[in-house]
Amino acid sequence: MQQRFDLQIIQTNGISLRAAVEGDGPLVIMVHGFPELWYSWRHQIKAVAQAGYRVVALDVRGYGGSDKPHEVEAYDMATLMADVLGVIDAFGEQTAILVGHDWGAPICWNTAALHADRVAAVAGLSVPYRRRGETSAIELWRRIYKDRFFYQLYFQAEGVAEAELEADVRTSLRKFYYSVSGDAPSLNSWLQRPAGGTLLEGLPDPETLPAWLTQEDLDYFVASFEAGGFRGPINRYRNQERDFANLPEMGTRPVAQPSCFIAGSKDLVRHFVPGHDLYGDVAANCADLRFRRIIDGAGHWVQQEAPDEVTAALLEFLASLD
């Protein structure tokens, strides 16, 4: 499938990013999460382009065919926002519509809030726009999960998670993708494990791939992460305290632009804070949330698990814009 897309190299913010580029019209930038690629948007790219937009689906820095700086701080939020702004500039536009999933969602939400003149509208998938708390997100997770295993805490020590995931990339991705999809029987392997241990030992390994992930799809992801490793992607998790300190306005301004939120009903992110539905009030910090679409039965990889529903939601959102 990947050969059907036009892959280009874009110069931005002092680095090179690879992107699938399709169509002509207003610029739509799609930003994936962890551990994914531009390929995660394979079901949406052409449909949105055919609706009259120029779609640019990125490999975020650290991933796929994009540059992979070594330094932890090269993956802080300010830098990732600058990457997106540079892509807008590279296409000669003043503004773009941003669509982000997982870590891509905060990148898009924050760019919209902190660089409002450069973002015409924003769609967030799986991760709602989070108001600034009293502490950084990673400190919150330390408090909530002080007696339990939590993957973001496990990711903080440099080299540990990388060594585990890179030992057998195919098994790592197969277990990771399955265990937070709507096909997994339970989220207990993520949220109810005692402290200690490793990431993969607690995750189920499916006998067969879920229907939304073909062998060809998995092969494409595996080849990319075997070549590029996991350090850059995991470095994003190591910047949460830096972001909190260096971006004091992050999460304090509402998103004023037209926005929408799309997620799966069984998404792990929804349950990160025990006893609280993180999808319950996604409009709280968005001044013009056009709709909130929760897709029944889908898990975290919502645009891959429920491609038709997500594509329809994005087209509905785009049609609502002036």
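Scroll up to find the structure.
My aim in this report is to walk through the structure given alongside it, one point at a time. Note that the structure is a prediction, hence the values are computed from the model and not measured.

## Some details on empty space enclosed by the protein
Over the atoms rolls a probe the size of a water molecule, and its path tells where empty space is left. Under the defined criterion, the tally for this structure stands at 3 cavities of 30 Å³ or more. When its volume is computed, the largest cavity comes out at roughly 90 Å³. As for the largest cavity, its lining consists of F34, D102, Y151, F176, V180, W190, Y237, L268, V269, F272, H300 and W301. Its residues placed into classes, the lining of the largest cavity shows 10 nonpolar, 1 polar and 1 charged. Taken together, the residues of the lining of the second largest cavity sort by class into 7 nonpolar, 3 polar and 2 charged.

## Section: the packing of aromatic side chains
Applying the stated criterion across every chain, the model contains 31 aromatic pairs. Between the NZ or CZ atom of R132 and the centre of the ring of F244, over which it lies, the distance is 3.8 Å. Against the face of W103 rests R236, its NZ or CZ located 4.5 Å from the ring centre.

## Points about the pairing of strand β7 (residues 255-264)
By the criterion of burial, β7 is predominantly enclosed, with 9 of the 10 residues buried. Pairing analysis gives 4 bridges linking strand β6 (residues 119-125) to β7, with the strands arranged parallel. Across the sheet, residue L125 finds its bridge partner in β7, namely I262. Two elements, β7 and strand β8 (residues 286-295), share 8 bridges in a ladder whose sense is parallel.

## A short note on the sheet that holds β7
Judged by pairing direction, the sheet is mixed, and its 8 strands sit side by side in the order β1-β2-β4-β3-β5-β6-β7-β8 without closing on themselves. Of all the strands in the sheet, just β1 (7-12) and β8 have a single pairing partner and so form its edges. Adjacent strand axes in the sheet meet at a mean angle of 25° when their direction is disregarded. In the packing of helix α13 (residues 307-319) onto the sheet, the strands contacted are β3 (27-31), β5 (96-101), β6, β7 and β8, and the crossing angle to β8 comes to about 160°.

## A short note on the nonpolar core
I29, F34 and L199 are the most contacted members of the largest nonpolar core, which has 111 residues in total. F34 has contacts with Y63, D102, W103, F155, L165, F176, F230, P233, I234, Y237 and W301, leaving out every residue within four places of it along the chain.

## Things to note about the layout of surface pockets
What the largest pocket holds in volume is close to 980 Å³. As for the largest pocket, its lining consists of 38 residues, of which V127, P128, Y129, R130 and R131 are closest to the centre. When contributions to the lining of the largest pocket are tallied by element, the ones reaching two or more residues are α3 (104-114), α4 (137-144), α5 (151-154) and α11 (240-246). Of the residues belonging to the lining of the largest pocket, the class tally is 20 nonpolar, 10 polar and 8 charged.

## Things to note about the side chain of R236
Tracing the chain through its elements places R236 in the loop between α10 (231-235) and α11. The class for R236 is buried, based on a relative accessible area of 5%. In this structure the side chain of R236 is engaged in a polar contact, spanning 2.5 Å, whose partner is the side chain of D243. Beyond its immediate sequence surroundings of up to four residues, R236 is in contact with Y75, D76, M77, L80, W103 and D243.

## Remarks on α13
Compared with an ideal rise of 1.5 Å per residue, which puts 13 residues at 18 Å, α13 spans 18 Å between its outermost C-alpha atoms and is within 8% of the ideal. Residues of α13 that are buried: P307, V310, T311, A313, L314, F317 and L318. Down the axis of α13, the buried side of the element spans an arc of 160°, and every buried residue falls inside it. Away from its buried face by more than 90 degrees, α13 exposes D308 and A319.

## Side note on helix α6 (residues 160-167)
Those residues of α6 that fall on the buried side of the exposure criterion are A161, E162, E164 and L165. Down the axis of α6, the sector holding all buried residues measures 165°, keeping them to one side. The secondary structure elements touched by the buried residues of α6 are α5, α7 (169-179) and α10.

## Observations concerning the pattern of salt bridges
Scanning the entire structure with this criterion turns up 19 salt bridges. Taking the shortest distance from any N to any O, the salt bridge between R231 and E158 comes out at 3.0 Å. Placement of R231 in helix α10 and of E158 in the loop between α5 and α6 is noted, with a sequence separation of 73 residues between them. With a shortest N-O distance of 4.0 Å, R193 and E201 are connected by a salt bridge.

## As for unusual backbone geometry
Looking along the chain, the bond that leaves F34 and enters P35 is cis, with omega of -20°. Looking at where P35 falls in the secondary structure, it is placed in the loop between β3 and α1 (45-50). A positive phi angle, near 55°, is found at N13, a position not held by glycine. Among the structural elements, N13 can be located in the loop between β1 and β2 (15-22). N13 gets classed as partly exposed once you look at its relative accessible area, which sits at 39%. With a phi close to 80°, S126 is a non-glycine residue in the positive phi region. Of note, S126 is situated in the loop between β6 and α4.

Parameters at a glance
- Residues numbered from 1 in each chain as written.
- Predicted model: local features only at pLDDT ≥ 70, side-chain atom pairs only at ≥ 80, totals over all residues.
- Heavy atoms only, no water.
- 1 Å grid on protein atoms, 1.4 Å probe; cavity = no way out; pocket = protein on both sides within 12 Å on 5 of 7 lines; lining within 4 Å.
- Points joined across faces, edges and corners; volume = space filled by probe spheres on them.
- Nonpolar A, V, L, I, M, F, W, Y, C, P; charged D, E, K, R; others polar.
- Phe/Tyr/Trp six-rings, centres within 6.5 Å; stacked < 30°, edge-to-face > 60°.
- Lys NZ or Arg CZ within 6 Å of the ring centre and 35° of its normal.
- Buried < 20%, exposed > 50% of the residue type's maximum accessible area, 1.4 Å probe, protein only.
- Helix = DSSP H or I, 4+ residues; strand = E, 2+ residues; numbered from the N terminus.
- Pairing = 2+ DSSP bridges.
- Axes fitted to C-alpha atoms, helices over the stretch in contact; angles between N-to-C directions.
- Contact = heavy atoms within 4.5 Å.
- Core = buried A, V, L, I, M, F, W, Y, C linked by side-chain atoms within 4.5 Å.
- Polar contact = N/O pair within 3.5 Å; in protein donor to acceptor, adjacent residues only side chain to side chain.
- Expected span 1.5 Å × (residues − 1).
- Arc of directions from axis to C-beta.
- Salt bridge = Lys/Arg side-chain N within 4 Å of Asp/Glu carboxyl O.

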